[in-house]
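Working through the structure, step by step
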Amino acid sequence: MPPEAFRFEELAPHLYLQVFPQHIDDGELQAFLAAIEREAPTLPRPMAWIADVARIERASSVQRRELAEFQKRMAPFDAEHCAGTAVVVRSPVVRGMVTAVYWLSPPVYPHAIVGSLDEGLRFVDERLAERGVALDVERARRGLERGGRPLF
């Protein structure tokens, strides 16, 4: 079986999924984040995200710093266009990693650390509704189950 890779998918209009692999390579992380920076301004707004980091076993301090720098670079865009992000975490180690990234660069959008994709979907549905977007929840749920439309 090939190694798992980063994924960036549309689950439904206005809702996007980021999936992080179990093992993070520095170069692949940088390429993934750069691609999101390029693509995000082309997507319908407002937008919401589910970031599935549940598979990650560890992230180096360099990788945590890279994620924090990405957050800082995206902050002006996110403050205006991001309705919210749900971060799916299942382990205390990964929760600590997310907390460290958010400590280095606090999000400028509503966010929640959740234990499941379904809980994340409920959170982002509520955030989008607050911004006047009726999310196609069933389409998003099917995307979570079978995979969404890959964006790169």
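Residues numbered from 1 in each chain as written. Predicted model: local features only at pLDDT ≥ 70, side-chain atom pairs only at ≥ 80, totals over all residues. Heavy atoms only, no water.

Digging into the overall build of the chain
Quick reminder of the rule: Starting at the N terminus, helices and strands are each numbered in turn, a helix being any DSSP run of H or I of at least four residues and a strand any DSSP run of E of at least two. Note on method: radius of gyration uses C-alpha positions; expected globular size equals 2.2 Å times residues raised to 0.38.
A count of helical and extended segments in the chain gives five helices and six strands. The linear arrangement of helices and strands in the chain, starting from the amino end, is β-β-α-β-α-β-α-β-α-α-β. Compactness check: the chain gives a C-alpha radius of gyration of 14 Å against a globular reference of 15 Å for 152 residues, within 12% of the reference. Dimensions of the chain along its principal axes, counting C-alpha atoms only, are 40 × 35 × 30 Å.

Regarding empty space enclosed by the protein
Condition: Cavity means a closed set of points on a 1 Å grid over the protein atoms alone, one where a 1.4 Å probe fits but cannot get out, pocket means an open set with protein on both sides within 12 Å along at least 5 of 7 lines, and lining means a residue has an atom within 4 Å of a point. Grid points are joined across faces, edges and corners, and a volume is the space filled by probe spheres set on the points. Ten residue types, Ala, Val, Leu, Ile, Met, Phe, Trp, Tyr, Cys and Pro, are classed as nonpolar, four, Asp, Glu, Lys and Arg, as charged, and the remainder, Gly among them, as polar.
Counted by the stated rule, this structure contains one cavity of 30 Å³ or more. Along the walls of the largest cavity sit 20 residues, with Gln 18, Ala 51, Gln 71, Tyr 102 and Tyr 109 positioned nearest its centre. At the level of secondary structure, the elements contributing two or more residues to the lining of the largest cavity comprise helix H1 (26-39), strand E3 (47-52), helix H2 (61-81), strand E4 (82-88) and helix H3 (92-104). The leading source of residues in the lining of the largest cavity is H2, at five residues. Here the residues of the lining of the largest cavity sort into 16 nonpolar, three polar and one charged.

A word on the sheet that holds strand E6 (residues 149-150)
So the rule is basically this: By the convention used here, strands pair only if DSSP detects at least 2 bridges between them. We call two residues in contact whenever any of their non-hydrogen atoms come within 4.5 Å of each other. Axis definition: a line fitted to C-alpha atoms, limited for helices to the stretch in contact. Angles are taken between N-to-C directions and run from 0 to 180 degrees.
Across the sheet, which stays open at both edges, the six strands sit in the order E5-E4-E3-E2-E1-E6 with mixed pairing between neighbours. Bordering the open sheet on either side are strand E5 (111-114) and E6, each of which pairs with just one other strand. Across four bridges, the pairing between E4 and E5 is parallel. Within the sheet, the bridge partner assigned to Val 87 lies in E5 and is Ile 113. Running over the sheet, H2 touches E3 and E4 and is turned about 110° from E4. The sheet contacts of helix H4 (residues 117-130) involve strand E2 (15-19), E3, E4 and E5, and relative to E4 the element is tilted by about 170°.

What to know about the packing of H1 against H2
Put simply, the rule is: Here roughly perpendicular refers to angles of 65 to 115 degrees, roughly parallel to angles under 35, roughly antiparallel to angles over 145, and oblique to all remaining angles.
Interhelical geometry of H1 versus H2 gives an angle of 10° and a closest axis separation of 11 Å. Taken together, the axis directions place H1 and H2 in an arrangement best described as roughly parallel. For the pair H1 and H2, the contacting residues are Asp 26, Leu 29, Gln 30, Leu 33, Ile 36 and Glu 37 in the first and Gln 63, Glu 66, Leu 67, Phe 70, Arg 73 and Met 74 in the second. For the contact of H1 with H2, a count of residues per class yields six nonpolar, two polar and four charged.

Looking at the nonpolar core
This is how the line gets drawn: In this description, a nonpolar core means a group of buried Ala, Val, Leu, Ile, Met, Phe, Trp, Tyr and Cys residues linked to one another through side-chain atoms lying within 4.5 Å. Think of it in three bands: with a 1.4 Å probe and only protein chains considered, a residue is buried below 20% of the maximum accessible area for its type, exposed above 50%, and partly exposed in between.
Counting 32 residues, the largest nonpolar core has Phe 8, Phe 20, Trp 49, Val 53 and Val 98 as its most contacted members. When residues of this core are traced back to their parent elements, those giving at least two are H1, E3, H2, E4 and H3. By size, the runner-up hydrophobic cluster in this structure holds 21 residues, among which are Ala 86, Ala 112, Leu 121 and Val 133.

Notes on the packing of aromatic side chains
The condition that has to hold: Stacked, tilted and edge-to-face are the three classes applied to pairs of Phe, Tyr and Trp rings, where Trp contributes its six-membered ring and a pair requires centres within 6.5 Å; stacked means planes under 30 degrees apart, edge-to-face means over 60, and tilted covers the rest.
Across all of its chains, the model carries six aromatic pairs by this definition. Here Phe 6 and Phe 20 contribute two aromatic rings whose centre-to-centre distance is 5.4 Å and whose plane-to-plane angle is 75°, an arrangement assigned as edge-to-face. In this pair, Phe 6 sits in the segment before strand E1 (7-12) while Phe 20 sits in the loop between E2 and H1, placing the two residues 14 residues apart along the sequence. You can call Phe 20 buried: its relative accessible area is 4%. For the ring pair Phe 6 and Phe 32, a centre distance of 4.6 Å and an interplane angle of 25° mean the geometry is stacked. Residue Phe 6 is located in the segment before E1, and its partner Phe 32 is located in helix H1; the two are separated by 26 residues in the primary sequence. Comparing Phe 6 with Phe 32 shows no difference in burial state: the two are buried. Site record: aromatic cluster; members linked through ring pairs are Phe 6, Phe 20 and Phe 32.

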